[in-house]
Amino acid sequence: MGYAKVRSVALHGVVGEVIVVEADVAPGLPSLIVSGLPDAALSEARDRIRAAVHNSGASWPQQRITVNLLPAHIRKHGSGFDLAMAVAVLAAGAGLPIGRVVDAVVLGELGLDGTLRPVRGVLPAVLAASRAGVGSAVVPVGNAAEARLVPDIEVRASDSLGRLIGYLHGSERLPDPGTPPALPEPASLDLADVLGQERGRRVIELAAAGRHHIAMFGPPGAGKTMLAQRLPGILPQLGDQEAIEATALHSVAGTLPQGNPFVRRPPLQAPHHTASVAALVGGGSGLAKPGAISLAHHGVLFLDECAEFAPGALDALRQPLEEGVVRLRRAYGETVFPARTQLVMAANPCPCAREQQSCQCPSLVRRRYLARLSGPLMDRVDLQVDLDPVRSAALFGTEDAEPSKAVAARVLRARAAAVERWTPHARSNGEVPSALLRHRRFRLPAPILQPLRQAMDQGRLSARGFDRVLRVAWTAADIDGRSTPDAGDVREALQMRSRRMR
Ligand SMILES: Nc1ncnc2c1ncn2[C@@H]1O[C@H](COP(=O)(O)OP(=O)(O)OP(=O)(O)O)[C@@H](O)[C@H]1O
Ligand SMILES: [Mg+2]
Ligand SMILES: [Zn+2]
């Protein structure tokens, strides 16, 4: 007979909230009732916990057991409460001393044999605990490295319920796993591999420096995929806060590599064109999983063969790209995932995927193919360019292409210049709202804008296109260290535009 409580964490999106798991053991027919808005996984937890306790050598109280998760109004998902429930039951009904976890949150799923299994979302859960003033966290060994990323909290990692019971009795040690060693970063793909293709290389540099969304059109083999994959390698490394945010999303998705879980480089996500809307923006039952656009938070979302994506899938990306967050409507309310990403699209100009000269498709087919890419999504894409295939001269030439490291240095400088100029309104040229772009303070002198005016008068440039060209011109200036764009920057930005998109 007795009562005990243990703390754990419930997650919504990437936001954690410390909850209390309480157990009451009273005389009566042996039974286990779990209350506190449990979802399906929680009901299954009853059988798991009982089996795990038995198989850990502890005895299950043969009485009437009530487990309650507080506060009741918070929706609780997943199997991460198993361990807290088992400890609370054993403390209430079998005299397990829990002094060593009164100031802890307890996280983890139990296997029937009593092993402690990793769960999704441990990083944001431990962060929430730390923010709530909790002093330590008990986590599965498989999640120790990500838990350890949170400063100011003690981490105890166990591989089983049995070992934790031993620790609570004082017969077993659960050492703090310590900060994981910083492993060398895997080498990212280098721009030095891209020979010739000056235009493509320039587009990638402009995109990186201004954080512009880009769309590249060109025949097979032009190097579109190659270039896109090299964009993350020239982006600035993530700051501490950004890295924690990105890592938390990967934690909730369950995609963190063990051992070296810190997402320090801007992540690249390249979903296939058959990807479902849920795979792109997130969803799923129980604890929602972030989609590709959130896993690309502070990184790059690469839509290769973008004209092949279902129209609904591209539409689903629009709102998140605008807001920087995904809002998933769920049966019981809304789950929000951060999704501030840089979009890179690549497409062949025609479904036959041939070079221009050998393509015999009717022009209607060609126009239809790219038509779905126009509209509100493309309005946000500042750089829309046509790429030509690389000539053999470039491939067999002797000149070395500039490596990513050198380009990254220019990108970093350009970013700093943009931050200084636009703060607090925007952090990059790609984010600058049109109104600010046209504000008196940033308006460019008429002679410099002359080529743009001409293009508009001739119908080659729309009003939206005008703003996009301006943003790119600012980036060209930032890369070269000019305080405002000159006529050359404006001309370059204009020349970067695809013939297909106005
Ligand atoms: N500029 C280049 N320098 C060196 N190799 C290149 C270059 N462009 C293309 N290649 C070679 O061609 C291959 C195909 O390039 P990539 O896949 O990037 O083309 P793509 O434009 O994406 O074509 P597709 O439309 O078929 O997807 C690369 O793996 C690379 O070996
Ligand atoms: Mg490709
Ligand atoms: Zn064709």
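Notes on the structure in this doc start here. Just so it is clear, the structure is predicted and the values come from calculations on it, not from any experiment.

### Some words on the packing of helix α18 (residues 463-480) against helix α19 (residues 487-495)
Link 1 in the chain: Where α18 meets α19, the closest approach of the two axes is 8 Å, and the angle between their N-to-C directions is 125°. Judged by the angle between their axes, α18 and α19 are oblique. Between α18 and α19 the crossing geometry is right-handed. On α19, the residues touching V469, V472, A473, A476 and A477 of α18 are D489, V490, E492, A493 and L494.
Link 2 in the chain: Looking at side-chain class alone, the contact of α18 with α19 contains 8 nonpolar, no polar and 2 charged residues.

### Concerning the sheet that holds strand β10 (residues 214-217)
Link 1 in the chain: Strand order in the open sheet formed by 5 strands is β11-β14-β17-β10-β18, with parallel pairing between adjacent strands. The open sheet has two edge strands, β11 (268-269) and β18 (383-386), and neither has a second partner.
Link 2 in the chain: Examined bridge by bridge, strand β14 (residues 300-303) and strand β17 (residues 342-347) share 4 bridges and lie parallel to one another. In the sheet register, L301 faces β17, and the bridge partner there is L343.

### Focus: unusual backbone geometry
Link 1 in the chain: Between L70 and the following residue, P71, the backbone shows a cis peptide bond with an omega angle of -10°.
Link 2 in the chain: Position of P71 among the secondary structure elements: in the loop between β4 (64-70) and α2 (82-93).
Link 3 in the chain: Residue T423 is joined to P424 through a cis peptide bond whose omega torsion reads 5°.
Link 4 in the chain: Here P424 shows up in the loop between α15 (404-422) and α16 (434-437).
Link 5 in the chain: Unusually for a residue other than glycine, Q197 sits at a positive phi of about 45°.
Link 6 in the chain: Checked against the element boundaries, Q197 lands in the loop between α5 (161-169) and α6 (198-210).
Link 7 in the chain: You will see that R211, though not glycine, has its phi angle at about 50°, which is positive.
Link 8 in the chain: As for its position among the elements, R211 is in the loop between α6 and β10.
Link 9 in the chain: Note on R211: relative accessible area 15%, which makes it buried.

### Some points on the pattern of salt bridges
Link 1 in the chain: Overall, the coordinates contain 23 salt bridges when judged by the stated rule.
Link 2 in the chain: Of the charged contacts, one joins R410 and E205 as a salt bridge, the two residues approaching to 2.6 Å between their closest N and O atoms. Here R410 is found in helix α15, whereas its partner E205 is found in helix α6, with 205 residues between them in sequence.
Link 3 in the chain: Look at E205 and you get buried, because its relative accessible area is 7%.

### Re the nonpolar core
Most often, soluble globular proteins have nonpolar side chains that are buried together.
Link 1 in the chain: Among the nonpolar cores identified, the biggest contains 51 residues, and M216, W422 and L452 are the most heavily contacted of them.
Link 2 in the chain: Per-element accounting of this core gives the leading share, 8 residues, to α18.
Link 3 in the chain: Ignoring any residue separated from it by four or fewer positions in sequence, one finds M216 in contact with I204, K224, L227, A228, V344, M345, A346, A347, V385 and L387.
Link 4 in the chain: Within the second largest apolar cluster, 44 residues are counted, among which are V6, I49, A86 and L110.

### Topic: the environment of R330
Link 1 in the chain: Mapped onto the elements, R330 comes out in strand β15 (residues 325-330).
Link 2 in the chain: Among the residues examined, R330 registers a relative accessible area of 15% and is labelled buried.
Link 3 in the chain: Separated by 46 residues in the primary sequence, R330 and G284 have C-alpha atoms spaced 9.4 Å apart.
Link 4 in the chain: From its side chain, R330 meets the backbone oxygen of G284 in a polar contact 2.7 Å long.

### Brief notes about the environment of P349
Link 1 in the chain: By the secondary structure assignment, P349 is in the loop between β17 and α12 (363-371).
Link 2 in the chain: When the C-alpha positions of P349 and P27 are compared, they lie 75 Å apart, and in sequence the two are 322 residues distant.

### Quick look at the site of ligand 1
Link 1 in the chain: Taken together, 16 residues surround ligand 1, and among them L195, G221, K224, T225 and M226 come closest.
Link 2 in the chain: Here ligand 1, which alone exposes 620 Å², has 68% of that area covered by the protein.
Link 3 in the chain: It is helix α7 (residues 224-229) that contributes the most residues to the shell around ligand 1, 3 residues altogether.

Cut-off values and rules
Residues numbered from 1 in each chain as written. Chains lettered and ligands numbered in written order. Predicted model: local features only at pLDDT ≥ 70, side-chain atom pairs only at ≥ 80, totals over all residues. Heavy atoms only, no water. Axes fitted to C-alpha atoms, helices over the stretch in contact; angles between N-to-C directions. Helix = DSSP H or I, 4+ residues; strand = E, 2+ residues; numbered from the N terminus. Parallel < 35°, antiparallel > 145°, perpendicular 65-115°, else oblique. Left-handed = near helix turned anticlockwise from the far one by under 90°. Contact = heavy atoms within 4.5 Å. Nonpolar A, V, L, I, M, F, W, Y, C, P; charged D, E, K, R; others polar. Pairing = 2+ DSSP bridges. Buried < 20%, exposed > 50% of the residue type's maximum accessible area, 1.4 Å probe, protein only. Salt bridge = Lys/Arg side-chain N within 4 Å of Asp/Glu carboxyl O. Core = buried A, V, L, I, M, F, W, Y, C linked by side-chain atoms within 4.5 Å. Polar contact = N/O pair within 3.5 Å; in protein donor to acceptor, adjacent residues only side chain to side chain. Near = heavy atom within 4 Å. Areas by Shrake-Rupley, 256 points an atom, 1.4 Å probe, with all protein chains shown as cover.

Any link to function would need more than the numbers given here.
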